[in-house]
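Survey of secondary and tertiary structure
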Amino acid sequence: MALLSKLPNASISLRVLARLLSYPDAELRRQLPDMRQALHADNTVPAARLAELDALMATLESGDALENEAEYVQIFDRGRATSLHLFEHVHGDSRERGPAMIDLAQTYEKAGLFLGPDEMPDYLPVVLEFVSTQPPKEARAFLGEMAHIFNAIFSALAKSESPYASVIGALLEIAGETTHAVKVVPDEPLDVAWEEPVVFDGCSTKGQAKPGEAQPIHFVKNEAIRAGAKAAAQQGASI
């Protein structure tokens with residue numbers, strides 16, 4: 001198994017943590033015993049954090065698979081505060097995100113790591129796979145540059161009492177950083193975030209009829225139109 005190949009220092013732990021942040025499908029569940037053994041043998045994660053990771057792996061291994069999968073989607077795919085796409089926290093949807101993606105992918109390629117067509121360079125498991133191939137000093141420095149993002153994700157996960165907070169906490173500790181609270185901005189509700197812009201803002205659906213019945217239409221005056229009409233009336237009165 002690739003996870004158990006001989007790697008220096010925290011390389012094995014980083015690969016295990018990357019895997020733990022992946023979707024908890026049947027393949028991951030089958031790998032959990034080897035992942036647990038690798039983490040303990042690598043001896044790079046503090047004992048208290050290792051106990052938390054053991055609890056997470058036990059839940060993924062023996063808990064209800066469908067519930068675990070649904071919880072993963074709820075945590076990581078439906079909120080920006082806990083997104084595993086790191087540039088989401090830095091650039092959001094701005095134009096800077098595209099060039100940053102290209103630069104990061106080129107960094108990987110220079111190190112001999114080429115992404116698949118469906119892999120995003122800022123996806124945290126991918127980032128950790130890359131970092132695990134670097135010499136210890138460079139790996140720690142690379143993780144340290146992302147510590148502020150890790151702390152933001154950690155705070156959001158801890159606030160929701162998610163056991164996945166232990167994975168991010170372990171990353172910070174491997175980087176030589178400490179976890180600290182960061183103000184968590186509440187995610188915008190999905191029904192608001194996905195709400196389509198209003199097209200016909202001057203037409204109300206109040207009193208909408210049933211199918212087959214005559215449909216009354218209620219028009220709502222736009223404020224600009226109302227103000228224009230009032231100004232025109234005042235001008236006419238002054239003449």
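All values reported here derive from a predicted model rather than from experimental measurement. (Residues numbered from 1 in each chain as written. Predicted model: local features only at pLDDT ≥ 70, side-chain atom pairs only at ≥ 80, totals over all residues. Heavy atoms only, no water.)

Our next topic: the packing of helix 8 (residues 136-145) against helix 9 (residues 147-159). Helix-helix packing: each pair is described by the crossing angle between the helix axes and the interaxial distance. Relative to each other, helix 8 and helix 9 sit at 55°, their axes nearing to 4 Å. Our classification of the angle between helix 8 and helix 9 gives oblique. Here Leu143, Gly144 and Glu145 of helix 8 come into contact with helix 9, specifically with Ala147, His148 and Phe150. A per-class count over the contact of helix 8 with helix 9 returns 3 nonpolar, 2 polar and 1 charged. (Axes fitted to C-alpha atoms, helices over the stretch in contact; angles between N-to-C directions. Helix = DSSP H or I, 4+ residues; strand = E, 2+ residues; numbered from the N terminus. Parallel < 35°, antiparallel > 145°, perpendicular 65-115°, else oblique. Contact = heavy atoms within 4.5 Å. Nonpolar A, V, L, I, M, F, W, Y, C, P; charged D, E, K, R; others polar.)

For helix 6 (residues 97-110), which comprises 14 residues, the first-to-last C-alpha distance of 20 Å matches the rise-based estimate of 20 Å (1.5 Å per residue) to within 8%. Its buried side turned inward, helix 6 meets helix 5 (86-90), helix 7 (124-131) and helix 8. A positive backbone phi angle near 90° is found at Gly112, which sits one or two residues after helix 6. (Expected span 1.5 Å × (residues − 1).)

Across the protein chain, the average pLDDT comes to 78, with 71% of residues at or above 70. In this model, residues 196-206 is a region of pLDDT below 50 whose contacts with residues beyond four sequence positions or in other chains number 8 contacts. Scored below 50 in pLDDT, residues 214-226 shows 15 contacts in the model against residues more than four places distant or in partner chains. (pLDDT = per-residue confidence, 0-100.)

So, about the nonpolar core. Ranked by internal contacts, the top residues of the largest apolar core, which has 53 residues, are Leu20, Leu124 and Tyr164. When residues in this core are grouped by element, the largest group, 7 residues, is from helix 10 (residues 165-174). Those residues in contact with Leu20 that sit more than four places away from it in its chain are Leu32, Met35, Leu53, Met57, Leu60, Tyr164 and Val167. (Core = buried A, V, L, I, M, F, W, Y, C linked by side-chain atoms within 4.5 Å. Buried < 20%, exposed > 50% of the residue type's maximum accessible area, 1.4 Å probe, protein only.)

Let us look at the packing of aromatic side chains. Per the counting criterion, the structure on display carries 6 aromatic pairs. Seen in terms of ring centroids, Phe76 and Tyr164 are 5.1 Å apart; in terms of plane orientation they differ by 80°. Their pairing is edge-to-face. In this pair, Phe76 sits in helix 4 (residues 65-76) while Tyr164 sits in the loop between helix 9 and helix 10, placing the two residues 88 residues apart along the sequence. Of the residues examined, Phe76 reaches a relative accessible area of 5% and is grouped as buried. Among the aromatic side chains, those forming a connected cluster through ring pairs are Tyr23, Tyr72, Phe76 and Tyr164. (Phe/Tyr/Trp six-rings, centres within 6.5 Å; stacked < 30°, edge-to-face > 60°.)

When the charged atoms of two side chains with opposite charge come close together, those side chains can pair. According to the stated counting rule, one finds 6 salt bridges in the structure shown. A salt bridge links Arg49 to Glu52, with the shortest nitrogen-to-oxygen separation between them at 2.9 Å. Of this pair, Arg49 and Glu52 both sit in helix 3 (residues 47-62), 3 residues apart, roughly one helical turn. Given a relative accessible area of 11%, Arg49 falls into the buried group. Accessibility expressed as a relative area gives 38% for Glu52, which makes it partly exposed. Linked through salt bridges whose partners overlap, the residues forming this network are Arg49, Glu52 and Glu173. (Salt bridge = Lys/Arg side-chain N within 4 Å of Asp/Glu carboxyl O.)

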